[in-house]
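Chain by chain, the residues:
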Amino acid sequence: MLSVSGLTKTFDQQPVFSGFTLTVTRNRFAVLIGPSGCGKSTFFDVLTGVTPADEGLISWQGSDVDHLGDLAAYMHQKDLLLPWFSLLENSLLPARTGGEDLKQARQRAIQLFSRLGLDGYEKHLPHQVSGGMRQRCALVRTLMFNRDLVLLDEPLSALDAITRKSLQSLLLLLQSEFNRTLLMITHDVDEALLLADDLYLLSVKPMRVVEKIELYDDKPRRFDNPELLAIKKTIMQKLEGDIDHVS
Amino acid sequence: MSRSNLLAFGILVLVLGLWEATCRIFAIPIFILPPPLIIAQTAVLKAPLILPHALTTGMEIVCGIGLALAVAIPLAMGMFAWPWLEKALSPFLVVSQAIPVFALAPLLVVWLGYGMAGKILMAAIIIFFPVTVSLLEGFKSCDREFRVLFRLMGAGFWQTMRLLYWPWALPHFFAGLRVGVTVATIGAVIGEWVGAQKGLGYLMIQANARLKVDLVFAAILWLSLMGLLLWFGVGWLEKKSIHWKENQQIL
Ligand SMILES: Nc1ncnc2c1ncn2[C@@H]1O[C@H](COP(=O)(O)OP(=O)(O)O)[C@@H](O)[C@H]1O
Ligand SMILES: [Mg+2]
């Protein structure tokens, strides 16, 4: 279980968030959704130790940690594949830097390539494949971290709608098949509704949780479900209310 | 041949043709300005004389490159790894650029004598600066998100250097090296002018004193060809080491 309490971060005397508190239960898919510039990426920076928090506690599995830099895997909107390495070599980077046995890691990576629909693309360079393929490879790399917690910062927002759909089902695999605990940022309400177990609506800066919505369990979800549509309607109203509040 | 290549070739032929014609029409003596054909002839026929000198100059430049890289690469890495080191050294780097290196040539003869050492040092000093600065810039230009990724993967500095920063900075490195080797050729020759026992610069001074102007030009021709060779050599090395970019252009 990931738990964050009283987290505060200030840039130039302006609090990005102050006393931010959030709990993500193990093997759940938590999604943060909020207006852009509200501090979501800064929150992840604090979580991963890229920038220190001013105050607050982070704990993972019941014990306090400074940050999650060596406990969480991370996936970004950009695929962050190194152009000089093949897709397979890229996916093996966490194994290399982690000093794992490369032979075993390679076997595992090749299996993941085929599981995520990248069969036969192991030797391709990143620029030789589509954006969707690259993001799949980034997903393989994320899994190769071997870390229970996965942080996703708008991982699919650079992709076109159709590619995004197929990648969304792969994100669900992270939870159902690979037992990861997921914390994802998105600004796509539909995506959030399809993937989340726990959906957190965030306010504008200074960021705080406006509302936590627990969604029903069965996934994959479809938008012809009236329950989901009803939830979507509430969320849209809340988000719009927030926008009115700003202007 | 592309249009621009054709034009370049045309201009070359035109200039050489005009030169040749001027020399013949006005019957300019060879010891004032020899025509291109004579120069080419001298460059070929006197090859046994010129070659050892060319080898010396080439050796000086290559050793100069080696020496410069041996200092520049660790220094750029160090300044990148420790920002305080960069802060401390960058004023010196800037000031060192204000010194006209060519003006050091006579001093280098006093300190290091008439041999190759002074010329090697001269070439090295010239190459050192652009390589160090551009390599450091290259390291620094690495995107923040990639650094964060490597941090999260738990990669140490040297591992990140090898897997990320170094390949990232390669295009910058080669841009600096290209600038460096071109100027280094001039540096080595000036070093030889001031005081040497061998080398194309030495040959030029000797030939000039004896009014063998065709030999002076022949030496310049050899020097130019060596410069071109270096330029393309660096370009070839660049293509080889940045293979992923080359592929990108093909696609
Ligand atoms: N290094 C920084 N220095 C000053 N302000 C920053 C810095 N990084 C982010 N901010 C500010 O913090 C706020 C939140 O940014 P960010 O976390 O990127 O938002 P988002 O929710 O869109 O990911 C923004 O208003 C931004 O201007
Ligand atoms: Mg963001």
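Residues numbered from 1 in each chain as written. Chains lettered and ligands numbered in written order. Predicted model: local features only at pLDDT ≥ 70, side-chain atom pairs only at ≥ 80, totals over all residues. Heavy atoms only, no water.

(A) Summary view of the overall build of chain A. Within chain A, the regular secondary structure consists of eight helices and 10 strands. Each of the 247 residues in chain A was classed as buried or not, and the buried ones make up 53%. Carbon and sulfur atoms make up 49% of the accessible area of chain A, which amounts to about 10,900 Å² in all. Computed over 27 positive and 32 negative side-chain charges, the separation of the two mean positions in chain A equals 5 Å. (Helix = DSSP H or I, 4+ residues; strand = E, 2+ residues; numbered from the N terminus. Buried < 20%, exposed > 50% of the residue type's maximum accessible area, 1.4 Å probe, protein only. Areas by Shrake-Rupley, 256 points an atom, 1.4 Å probe, with all protein chains shown as cover. Lys, Arg positive; Asp, Glu negative; His and termini not counted. Charge placed at Lys NZ, Arg CZ, Asp CG, Glu CD.)

(B) Up close: the sheet that holds strand 8 (residues 181-186) of chain A. Residues and elements named next belong to chain A. If you trace the six strands from one edge of the open sheet to the other, you get 6-7-8-3-9-10, paired in mixed fashion. With one partner strand each, in any of the chains shown, strand 6 (72-75) and strand 10 (209-214) form the two edges of the open sheet. Within this sheet the neighbouring strands show an average axis-to-axis angle of 15°, counted without direction. Running over the sheet, helix 6 (residues 161-176) touches strand 3 (29-33), strand 7 (149-153) and strand 8 and is turned about 150° from strand 8. (Pairing = 2+ DSSP bridges. Axes fitted to C-alpha atoms, helices over the stretch in contact; angles between N-to-C directions. Contact = heavy atoms within 4.5 Å.)

(C) Quick peek at the interface of chain A and chain B. Facing 26 residues of chain A, the contacting portion of chain B comprises 22 residues. Of the roughly 2,200 Å² buried between chain A and chain B, counting both surfaces, carbon and sulfur atoms make up 68%. On inspection of chain A and its partner chain B, the count reaches two salt bridges. Between Lys 78 of chain A and Glu 145 of chain B there is a salt bridge, and its shortest N-O distance comes to 3.2 Å. There are eight residue pairs in polar contact (both at pLDDT 80 or more) connecting chain A and chain B. Sorting the residues of the side of chain A that touches chain B by element identifies helix 1 (40-48) and helix 3 (93-97) of chain A as the ones contributing at least two each. (Buried area = accessible area lost by both parts, 1.4 Å probe. Salt bridge = Lys/Arg side-chain N within 4 Å of Asp/Glu carboxyl O. Polar contact = N/O pair within 3.5 Å; in protein donor to acceptor, adjacent residues only side chain to side chain.)

(D) The arrangement of the layout of surface pockets in detail. Residue and element names in this part refer to chain B. Its volume calculated, the largest pocket comes out at about 320 Å³. If you trace the largest pocket, you find it lined by Leu 12, Leu 16, Trp 19, Glu 20, Pro 36, Leu 37, Ile 39, Ala 40, Phe 217, Ile 220 and Leu 221. Only helix 1 (3-25), helix 2 (36-45) and helix 10 (213-241) provide two or more residues apiece to the lining of the largest pocket. Split into classes, the residues belonging to the lining of the largest pocket amount to 10 nonpolar, no polar and one charged. (1 Å grid on protein atoms, 1.4 Å probe; cavity = no way out; pocket = protein on both sides within 12 Å on 5 of 7 lines; lining within 4 Å. Points joined across faces, edges and corners; volume = space filled by probe spheres on them. Nonpolar A, V, L, I, M, F, W, Y, C, P; charged D, E, K, R; others polar.)

(E) Here's a closer look at a nonpolar patch on the surface. A cluster of nonpolar side chains, contributed by Leu 221, Leu 225, Leu 228, Trp 231 and Phe 232 of chain B, occupies part of the molecular surface with about 490 Å² of accessible area. Looking at the secondary structure, you find Trp 231 of chain B in helix 10. (Patch = residues over 30% accessible without salt bridge, like charges linked within 9 Å, V, L, I, M, F, W, Y side chains within 5 Å.)

(F) Here's a closer look at the side chain of Gln 135 of chain A. All names here are of chain A. Relative to the helices and strands, Gln 135 resides in helix 5 (residues 131-144). In terms of polar contacts, Gln 135 uses its side chain to reach the backbone carbonyl oxygen of Pro 155, at 2.9 Å. Residues in contact with Gln 135, not counting those within four places in the same chain, are Met 75, His 76, Gln 77, Lys 78, Asp 79, Pro 155, Leu 156, Leu 159 and Leu 167.

(G) Examining helix 9 (residues 200-209) of chain B more closely. Residues and elements named next belong to chain B. Among all positions of helix 9, only Leu 200, Gly 201, Leu 203, Met 204 and Ala 207 are buried. The arc that holds the buried residues of helix 9, viewed along the axis, is 160°, so those residues lie on one side. Where helix 9 is buried, its residues contact helix 3 (47-81), helix 8 (157-194) and helix 10. A positive backbone phi angle near 55° is found at Leu 211, which sits one or two residues after helix 9. (Arc of directions from axis to C-beta.)

(H) Structural view of the sheet that holds strand 2 (residues 14-24) of chain A. All names here are of chain A. A sheet is described by the order of its strands in space; here four strands give the open sequence 2-1-4-5, paired in antiparallel fashion. Each of the sheet's edge strands pairs with one partner strand only, and the pair in question is strand 2 and strand 5 (63-65). Adjacent strand axes in the sheet meet at a mean angle of 30° when their direction is disregarded. Relative to strand 1 (residues 2-11), helix 1 is tilted by about 115°, and along the sheet it contacts strand 1, strand 2 and strand 4 (55-60).

(I) Inspection of helix 6 of chain A at higher detail. All names here are of chain A. Taking 1.5 Å per residue, 16 residues should reach 22 Å; helix 6 reaches 23 Å between its end C-alpha atoms and fits that length. Those residues of helix 6 not exposed but buried are Thr 163, Arg 164, Leu 167, Gln 168, Leu 170, Leu 171, Leu 172, Leu 173, Leu 174 and Gln 175. Tucked into the core, helix 6 has its buried residues touching strand 3, helix 4 (102-115), helix 5, strand 7, strand 8 and helix 7 (189-195). (Expected span 1.5 Å × (residues − 1).)

(J) Quick peek at the pattern of salt bridges. Residues and elements named next belong to chain A. In total, this model carries 15 salt bridges over all chains according to the counting rule given. A salt bridge links Arg 26 to Asp 148, with the nearest nitrogen and oxygen atoms 2.6 Å apart. One end of the pair, Arg 26, is in the loop between strand 2 and strand 3; the other, Asp 148, is in the loop between helix 5 and strand 7, with 122 residues separating them in the sequence. Residue classification places Asp 148 among the partly exposed residues on the basis of a relative accessible area of 31%. Ionic pairing is found between Asp 79 and Arg 134, a salt bridge with its closest N-O pair at 3.0 Å. Here the residue Asp 79 occupies a position in the loop between strand 6 and helix 2 (87-91), and Arg 134 occupies one in helix 5, the gap between them amounting to 55 residues. The exposure class of Asp 79 is buried, given its relative accessible area of 18%. Ionic contacts of the salt-bridge type, sharing partners, join the residues Arg 28, Asp 198 and Glu 214 into one network.

(K) Main features of the domain arrangement of chain A. Residues and elements named next belong to chain A. Taken domain by domain, chain A consists of domain 1 (2-71 + 148-246) and domain 2 (79-146). The C-alpha-based centres of domain 1 and domain 2 are spaced at 25 Å. Each side of the interface is counted separately: domain 1 has 15 residues, and domain 2 has 11 residues. Carbon and sulfur atoms supply 72% of the area that domain 1 and domain 2 bury against each other, a total of about 1,100 Å² over both sides. Where domain 1 touches domain 2, the interface holds one salt bridge. One salt bridge connects Arg 115 with Glu 177, and the closest N-O pair in it is separated by 2.8 Å. Linking domain 1 to domain 2 there are four residue pairs in polar contact (both at pLDDT 80 or more). (Domains from an automatic or database assignment.)

(L) Inspection of the pairing of strand 9 (residues 198-202) of chain A at higher detail. Residues and elements named next belong to chain A. Of all five residues in strand 9, five are buried; the element is thus mostly enclosed. Covered by surrounding structure in strand 9 are Asp 198, Tyr 200 and Leu 202 together with Leu 199 and Leu 201, the residues of both alternating faces. With five bridges connecting them, strand 9 and strand 10 associate as antiparallel partners. The residue bridging Leu 199 from the neighbouring strand is Ile 213, located in strand 10. Where strand 9 folds back onto strand 10 in an antiparallel hairpin, the turn is made up of six residues.

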